[in-house]
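Analysis of the macromolecular model
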Amino acid sequence: MDLNILWFWIVGFFFIGYFVLEGFDFGVGMALPFLGRDDIDRRVMINTIGPVWDMNETWLIVAGASLFAAFPEWYATLFSGFYLALLLILLALIARGVSFEYRHHRPESRWKKWFDGMIVVGSAVPALLWGVAFANIVQGVALDSGHNYTGTLFDLLNPYALLGGLTTLMLFFTHGVVFVSLKTDGDLRLRAQRLAVRSGAITVVLAAVFLLWTNLAHGQVASWLLALLAAVLLIGSFFANLRGRERYAFGLMAGTIAIAVASLFAALFPNVMPASNDVANSLTIANASSTPYTLSVMSWVAIAVLPFVLAYQAYTYWVFRKRITRDSIPEDTQPLADATVVGG
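The structure displayed is predicted, hence computed values, not measured ones. (Residues numbered from 1 in each chain as written. Predicted model: local features only at pLDDT ≥ 70, side-chain atom pairs only at ≥ 80, totals over all residues. Heavy atoms only, no water.)

1. Some words on the overall build of the protein chain
Selection rule: Secondary structure is summarised from DSSP: a helix means a run of H or I of at least four residues, a strand means a run of E of at least two, and numbering begins at the N terminus for each. As defined in this context, the radius of gyration uses C-alpha atoms, and a globule is described by 2.2 Å times the residue total to the power 0.38. The criterion used for residue contact is that any of the two residues' heavy atoms lie within 4.5 Å. Surface exposure here means Shrake-Rupley accessible area, sampled with a 1.4 Å probe, where a residue is shielded only by the protein chains that are shown. For the charge count, each Lys or Arg is scored as positive and each Asp or Glu as negative, with His and the chain ends excluded. For this purpose, a charge sits on NZ of Lys, CZ of Arg, CG of Asp or CD of Glu.
Assigned secondary structure in the protein chain consists of 14 helices and two strands. The C-alpha radius of gyration computed for the protein chain amounts to 21 Å, which stays within 12% of the reference 20 Å derived for 344 residues, consistent with globular compactness. Along the three orthogonal principal directions, the C-alpha set of the protein chain runs to about 65 × 45 × 40 Å. Expressed as a percentage of contacts within the protein chain between residues at least 6 apart in sequence, the contacts between residues at least 24 apart total 80%. As presented, the protein chain carries roughly 16000 Å² of accessible surface, and 70% of it is formed by carbon and sulfur atoms. The centroid of the 21 positive side-chain charges in the protein chain is displaced by 12 Å from the centroid of its 22 negative side-chain charges.

2. With respect to the side chain of Ser66
Selection rule: Think of a polar contact as two N or O atoms within 3.5 Å of one another; within protein, one of them needs to be a possible hydrogen donor and the other a possible acceptor, and neighboring residues in sequence only count if both atoms come from side chains.
Structurally, the position occupied by Ser66 is in helix 4 (residues 53-70). Among the polar contacts listed, one links the side chain of Ser66 to the backbone oxygen of Val62, at a separation of 2.8 Å. Contact partners of Ser66, with chain neighbours within four places excluded, come to Trp7, Val11, Phe14, Phe71 and Met298.

3. Considering the nonpolar core
Within soluble globular proteins, side chains that are nonpolar generally end up buried alongside one another. Note the following rule: Side-chain atoms within 4.5 Å are what join buried Ala, Val, Leu, Ile, Met, Phe, Trp, Tyr and Cys residues into a set we call a nonpolar core. For each residue, the accessible area found with a 1.4 Å probe, counting protein chains only, is set against the maximum for its type, and the residue is called buried under 20%, exposed over 50%, and partly exposed in between.
Counting 104 residues, the largest nonpolar core has Trp7, Phe15, Phe19, Leu35, Phe71, Trp74 and Trp130 as its most contacted members. When neighbours within four sequence positions are excluded, Phe15 is seen to be in contact with Leu60, Ala63, Trp130, Phe134 and Phe265.

4. A word on the environment of Leu21
Position of Leu21 among the secondary structure elements: in helix 1 (residues 3-30). Taking relative accessible area as the criterion, Leu21 reaches 16% and is therefore assigned buried. For the pair Leu21 and His175, spaced 154 residues apart in sequence, the C-alpha separation works out to 9.6 Å. What Leu21 contacts, discounting residues up to four positions off in sequence, is Asn56, Trp59, Gln313 and Tyr317.

5. A look at the packing of helix 1 against helix 9 (residues 159-183)
Spelled out, the test is: Angles run from 0 to 180 degrees between N-to-C directions of axes, and those axes are lines fitted to C-alpha atoms, restricted for helices to the stretch in contact. By definition in this entry, angles of less than 35 degrees are roughly parallel, angles greater than 145 are roughly antiparallel, angles of 65 to 115 are roughly perpendicular, and the rest are oblique. Under this grouping Gly is polar, as are all residues other than the nonpolar Ala, Val, Leu, Ile, Met, Phe, Trp, Tyr, Cys and Pro and the charged Asp, Glu, Lys and Arg.
Their axes nearest at 6 Å, the elements helix 1 and helix 9 cross at an angle of 80°. Between helix 1 and helix 9, the crossing angle belongs to the class labelled roughly perpendicular. Contacts from Phe19, Val20, Gly23, Phe24, Phe26, Gly27, Val28 and Met30 in helix 1 reach Leu169, Phe172, Phe173, His175, Gly176, Phe179 and Val180 in helix 9. Class assignment for the residues of the contact of helix 1 with helix 9 results in eleven nonpolar, four polar and no charged.

6. Points about the pattern of salt bridges
How we decide: By salt bridge we mean one thing: a side-chain nitrogen of Lys or Arg within 4 Å of a carboxyl oxygen of Asp or Glu.
The final tally for this structure, using the stated rule, is 15 salt bridges. Between Arg326 and Asp38 there is a salt bridge; the shortest N-O distance is 3.1 Å. Of this pair, Arg326 sits in the segment after helix 14 (292-319) while Asp38 sits in the loop between helix 2 (32-35) and helix 3 (39-49), placing them 288 residues apart in sequence. Classification of Asp38 by relative accessible area gives partly exposed; the value is 29%. Asp185 is paired through a salt bridge with Arg189; the nearest N and O atoms lie 3.7 Å apart. Classification of Asp185 by relative accessible area gives partly exposed; the value is 41%. Under the relative-accessibility criterion, Arg189 is labelled partly exposed at 22%. Within the structure, one salt-bridge network assembled from shared partners comprises Arg37, Asp38, Asp41, Asp187, Arg191 and Arg326.

7. Description of helix 3
Along helix 3, ten of the eleven residues are buried, which leaves the element largely enclosed by surrounding structure. Turning to helix 3, its buried residues are Asp39, Ile40, Asp41, Arg42, Arg43, Val44, Met45, Ile46, Thr48 and Ile49. Its side-chain oxygen 3.2 Å from the backbone nitrogen of Ile40, Asp38 forms the N-cap of helix 3.

8. So, the confidence of the model for the protein chain
Let me state the cut-off plainly: You can read pLDDT as the predictor saying how much it trusts each residue, on a scale of 0 to 100.
With 96% of its residues at a pLDDT of 70 or more, the protein chain shows a mean pLDDT of 90. At the low end of the mean pLDDT range in the protein chain sits helix 8 (residues 153-156), at 87; at the high end sits helix 9, at 96. This model gives residues 333-344 a pLDDT under 50, and the stretch forms 23 contacts once residues within four places in sequence are excluded.

9. Points about the packing of helix 7 (residues 109-139) against helix 12 (residues 246-268)
The condition that has to hold: Handedness of a crossing follows from how the near helix is turned relative to the far one, being left-handed for an anticlockwise turn of less than a right angle and right-handed for a clockwise one.
Following both chains from N to C, one finds helix 7 and helix 12 inclined at 25°, their axes separated by 9 Å at the closest point. With respect to each other, helix 7 and helix 12 are oriented roughly parallel. At the point where helix 7 passes helix 12, the crossing takes the left-handed sense. Contacts from Phe134, Ile137 and Val138 of helix 7 reach helix 12 at Leu264, Phe265, Ala267 and Leu268. Taken together, the residues that form the contact of helix 7 with helix 12 break down as seven nonpolar, no polar and no charged.

10. Considerations on helix 9
Our working definition: To estimate the expected span of a helix, count its residues, drop one, and scale the result by 1.5 Å.
If you check helix 9, its first and last C-alpha atoms are 36 Å apart, about what 25 residues at 1.5 Å a residue would give, namely 36 Å. A large share of helix 9 lies buried, amounting to 22 of its 25 residues.

Following this line, the structure appears as structure tokens:
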């Protein structure tokens, strides 16, 4: 296998890791108003992802760095053409991260509600826009002969791309709700299971329509097979959750997201950024990649470093594997009424 093809799939692997791991982070954040009946519930939910959310985001940094080094032409076209969309994602991620760190710094309920709202928005916006971005990458966008995007932000908000955004939004939402049921106990766990059934039904419909549309328009044999496998895993996750088997439901949902993203990369291959206006302007694996020497050095670095990174992350998840209950939240973290706080 040529190194540029290898790195196409390595970049795909990093995005798969990001969507699987950050996906349930986004889902937990979006589920706050649906499952968090009081501040203790919301604290429990946030604590389920507290030890891992920032580590999960590093997958995006690694994916972006790998894209920049292995496919500089792809990186340049993507980050310049999708600048506004990616800027919105970045701002949302910043607001979300700040909210995780600052919501507990003051006891007023108004203070916490403000940051809880930022967590919800900061989770929903990337969940939607990542789907929009990848749908447009697979579908193709208008490029000139210099591989510059010639459209506008509104051109990216076409029906197919919006469907892709809604699909990732619901996939991540359901993924996060199942994670809450996996990591909590008592009434919150039961409510999360019931919500996952309802959101899962919507997710199955959206994902089926999006993957079918994708493969009818851009599919290849590999992408069809992967899409069918993703559909089977998603339906399996739905029924596992229906029976209260949240561990199986979470694993199958993670597999669904991983295989679905792999299906998109398979549909994209051998292009990296198709031109919808003129095929001659398309970016491919061949004309967008770095030199063989650069890819060779990157390959050796990846071989040396990646196993340690994966082992460390697996160890972190193992250490924080226990369920979190309301009893684990100290009493003094409950919000005070705004009027009773001096200076509030």
